[in-house]
Amino acid sequence: MAQDGFVLVSRESQITKNSHTVSPVQSLQYEGAHDYLAEIASFVDNQSDKLWSLNRFIHRNPELAFKEFKAHEALTKFMRSRPERWQVTSSACGIETAWIAVYDSGRKGPAVSFNVEMDALPNIGHACGHNLIATASLAGALATADVMSTHSLPGKVYVFGTPGEEGYHGGKIQLLNRGAYDKVDVSLISHPSILNNSPFVRTTAFCRLEVEFFGRAAHAANAPWQGINALDALVASYNSVSMLRQQTQPNDVIGFAITNGGGDATNIIHAYSSAVCTIRSSSSSRLETLVDKVSACFDAGAQATGATVKIKVIKGYKDHVPNMCLASSFAKHWSSLPDPYPVGPELRADEREYTYVKASTDQGDISHALPSVNVSFAIPAGPEKGGPHSADFEKAAGTKWAFDRALRVGKGMAGVAVDVLTKDGFLDTVKEEWRERFGVENQF
Ligand SMILES: [Zn+2]
Ligand SMILES: [Zn+2]
């Protein structure tokens, strides 16, 4: 997930090494499913060595989007070896590196799910920390299945190996469109950063505009009036977009790249030019408005010069809208879990404020299709204090400390899943919130 706009906090201020003053037993005395949290925590701690091996393997073998062959092999092999007896499907839904594992209690009940991301970035490896996402989701899913088994709880746990989050082809969207989530009630995932500890994460919606201008070549000195200048059309459009940026909203971002300025010689009127825009905004509906405004700038460039414009809008990812019932459940569990070496601002159990992140994820599309939580968790920054998509973060994502943070997230997510499976009326409330949210205009 691309992250922009971080405010950096010194490492010293993030570390409170003596804060582990509450005993695990005391901290886990809580109502409802918190009775299960001690079991979850103990189970995950017992799986730590196995999960660390997988985490390290994925981190040390970075693979690009939709080419996560080693991760796919290692993770499906791991799930097949588990004592909980998961039904594992490799290359699920016709996607080579997607996989699905299902733990079925054999009795009808809620279906909870965890998404496992696997892909890395070109040249800088796991600089987005997707190895930690995999770890947290695996820990959460395994612990949930263990609690189900121990207490004979009805329902199912799904784990989706979701390829290709980076870029704009969205493995989760492809799985969603092919029906993988049809029988699932809730979707849980997390993402590492260097600052936030929050399950209330809202990400931006984005799309990509590919624009081409078609003009007419002519001799630039002898008969320029016979030409139509595609470069001028592009420059006029660029200036219009620059002016539009003054009137956009705080969460709007318009990235602009000229991919072909047109022409190879100064004495030819440029017959062709092209550009790409990446447009982000806080909601999918706002994004549509912004796309119209940017498109108008390109139309204006074409009209002013007589060039023809072709605008191709390529769908990116929708904004992530957290389910506040699920997120609040996570906040309670997270706050109850002991952490000897916490990082970043601690989350309050009663917190319900959105955390806005100017990044995009295909989990956003999932959140529009079913109740979702995308927990942001802080890991200790590297020496350069680099956030996601930096070489520094790649190193930070491979540390044992970051791994331990991911395990804590996994425990919290398992707490949420067990709430869904055990708390009377909880899933109904979760679904009601989702229906209210998406049954009306998605605008805040
Ligand atoms: Zn990411
Ligand atoms: Zn990323």
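Rules and cut-offs
All residue numbers here refer to positions counted from 1 along the written sequence of the relevant chain. The order in which chains are written sets their letters, starting at A; the order in which ligands are written sets their numbers, starting at 1. Residue-level local features of this predicted model are given only where pLDDT is at least 70; pairs of side-chain atoms are given and counted only at 80 or more, and the full residue set underlies all totals for whole chains, interfaces and linings. By definition, a nonpolar core groups buried Ala, Val, Leu, Ile, Met, Phe, Trp, Tyr and Cys residues that are joined through C-beta atoms within 7 Å. Whether a residue is buried, exposed or partly exposed follows from its count of other C-beta atoms within 10 Å of its own C-beta, namely 20 or more, 12 or fewer, or something in between, respectively; the C-beta atoms are built from the backbone. Throughout, a pair of residues is in contact if the C-beta atoms placed from their backbones lie within 7 Å. Counting from the N terminus, the helices are DSSP H or I runs at least four residues long and the strands are E runs at least two residues long. By convention here, the domain bounds are inherited from an automatic or database domain assignment. Residues are sorted three ways: Asp, Glu, Lys and Arg are charged, Ala, Val, Leu, Ile, Met, Phe, Trp, Tyr, Cys and Pro are nonpolar, and all the rest, Gly among them, are polar. UniProt positions are given in the numbering used here, feature names are shortened, and annotations may be inferred rather than shown by experiment. A pair of strands counts as paired when DSSP detects no fewer than two bridges linking them. Between N-to-C directions, angles span 0 to 180 degrees; the directions come from axes that are lines fitted to C-alpha atoms, helices contributing only their stretch in contact. Here the word oblique covers every angle except those under 35 degrees (roughly parallel), over 145 (roughly antiparallel) and from 65 to 115 (roughly perpendicular). Definitions for this section: a left-handed crossing has its near helix turned counterclockwise from the far helix by less than a right angle. A right-handed crossing has that turn clockwise.

**A look at the nonpolar core**
Of all hydrophobic cores here, the largest spans 93 residues; its most connected members are I40, V116, V159, F330, M413 and A417. If sequence neighbours within four positions are ignored, V116 has contacts with L75, I133, A134, S137, L138, V159, F160, G161 and T162. Within the second largest apolar cluster, 25 residues are counted, among which are A236, F298, A302 and Y317.

**Overview of the environment of G398**
Secondary-structure assignment places G398 in the loop between α12 (391-396) and α13 (400-422). Under the C-beta neighbour-count criterion, G398 is labelled buried, with 20 such atoms within 10 Å. Sequence-wise, G398 and I58 are 340 residues apart; in three dimensions their C-alpha atoms are separated by 9.5 Å.

**Overview of the domain arrangement of the protein**
Reports often express the size of an interface as the amount of accessible area lost when the parts come together. Here the protein is described as being made up of domain 1 (11-203 + 319-439) and domain 2 (205-315). Taken over C-alpha atoms, the centre of domain 1 sits 40 Å from the centre of domain 2. Across the boundary between the two partners, domain 1 contributes 7 residues, which contact 10 residues of domain 2. By residue class, the composition of the side of domain 1 that touches domain 2 is 2 nonpolar, 2 polar and 3 charged.

**Description of the UniProt feature "domain: Peptidase M20 dimerisation" (unreviewed entry) in the protein**
UniProt records the feature "domain: Peptidase M20 dimerisation" (unreviewed entry) for residues 207-300 in the present numbering. The span residues 207-300 carries 34% helix and 28% strand; its end-to-end C-alpha distance comes to 21 Å.

**Observations regarding the sheet that holds strand β2 (residues 99-104)**
An order of β1-β2-β4-β3-β5-β12 is seen for the 6 strands of this open sheet, with the pairing classed as mixed. Taken across any chain shown, the strands that pair with only one partner, and hence form the sheet edges, are β1 (87-89) and β12 (372-378). Each neighbouring strand pair of the sheet contributes to a mean axis angle of 20°, computed without reference to strand direction. Both β1 and β2 contribute to a ladder of 3 bridges, which runs antiparallel. In the sheet register, T89 faces β2, and the bridge partner there is I100.

**Examining the packing of helix α4 (residues 48-60) against helix α6 (residues 130-151)**
Between α4 and α6, the shortest axis-to-axis distance is 9 Å and the interhelical angle comes to 155°. The orientation of α4 with respect to α6, classified from their angle, is roughly antiparallel. Between α4 and α6 lies a crossing of right-handed hand. Only N131, A134, T135, L138 and A139 of α6 make contact with α4, whose side of the interface consists of L51, N55, I58 and H59.

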